[in-house]
Amino acid sequence: MKANRKAGTRPERELRSDIHRLGLRFRVNRRPEAAIKVVADIVFPSTKVAVFVDGCYWHGCEDHGTRPRTNAEYWTAKIERNRARDLFQGELLSRAGWTVVRVWEHEASAEGAKRIARTVMSRRP
Ligand SMILES: [Zn+2]
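Here the structure is a predicted model, which is why all the values come from computation and not from measurement.

(A) Quick peek at the sheet that holds strand S1 (residues 27-30). Overall, mixed pairing links the four strands, which are arranged S1-S2-S3-S4 in an open sheet. The sheet terminates laterally at S1 and strand S4 (99-104), the two strands that pair on one side only. Within the sheet, the average angular offset between the axes of one strand and its neighbour, ignoring direction, is 30 degrees. By the bridge criterion, three bridges tie strand S2 (residues 40-44) to strand S3 (residues 49-54) in an arrangement that is antiparallel. Bridged to valine 43 within S3 is alanine 50. In the packing of helix H3 (residues 109-122) onto the sheet, the strands contacted are S2, S3 and S4, and the crossing angle to S4 comes to about 175 degrees.

Given below as structure tokens:
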């Protein structure tokens, strides 16, 4: 499965169309906060909600994050670093007033979309 840079991976595209169907408008592949070096998959600037779609492999999902047997140590360390970075960046965004929503690529996109919509609605003034 080749991910087109602009269109995103299939789980991202499905999630976006489901959110769109719920009547919400958003930005795609944006830095939520200029000073923080992280690009979110979906950004709601007015309510300050940032969404990350985490791939099961790279973010170490417990159900599907199978590790290759060759160079297992290397990959485990790399995935651990990704997870630590996810946490750290989430921290920074929270401190800057953002609500971070993480969705696993294995999650049903309709469910993820509802979770995101609830978050966005709750942040509306
Ligand atoms: Zn998974």
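So much for the structure itself; the text now carries on.
(B) Spotlight on the environment of leucine 93. Mapped onto the fold, leucine 93 is located in helix H2 (residues 72-95). According to the relative accessible area criterion, leucine 93 is buried, its value standing at 0%. C-alpha separation for the pair leucine 93 and isoleucine 36, spaced 57 residues apart in sequence, amounts to 7.6 Å. Aside from chain neighbours lying at most four places away, what touches leucine 93 is Pro32, Glu33, Ile36, Val38, Ala50, Phe52, Trp98 and Val100.

(C) Looking closely at the coordination of the zinc ion. Distances from the zinc ion to its protein donors, Cys56 (SG), Cys61 (SG), His64 (ND1) and His106 (ND1), fall within 2.0 to 2.4 Å. Positions of the donor residues of the zinc ion, expressed as sequence spacing, correspond to C-x4-C-x2-H-x41-H. A residue pair is termed long-range when its members are at least 10 positions apart, and histidine 64 in the loop between S3 and H2 and histidine 106 in the loop between S4 and H3 qualify at 42 residues. Under the relative-accessibility criterion, histidine 64 is labelled partly exposed at 42%.

Reading the values: rules and limits
Residues numbered from 1 in each chain as written. Predicted model: local features only at pLDDT ≥ 70, side-chain atom pairs only at ≥ 80, totals over all residues. Heavy atoms only, no water. Pairing = 2+ DSSP bridges. Helix = DSSP H or I, 4+ residues; strand = E, 2+ residues; numbered from the N terminus. Axes fitted to C-alpha atoms, helices over the stretch in contact; angles between N-to-C directions. Contact = heavy atoms within 4.5 Å. Buried < 20%, exposed > 50% of the residue type's maximum accessible area, 1.4 Å probe, protein only. Donors = N, O, S within 2.8 Å, 3.2 Å for Na, K, Ca; no water.

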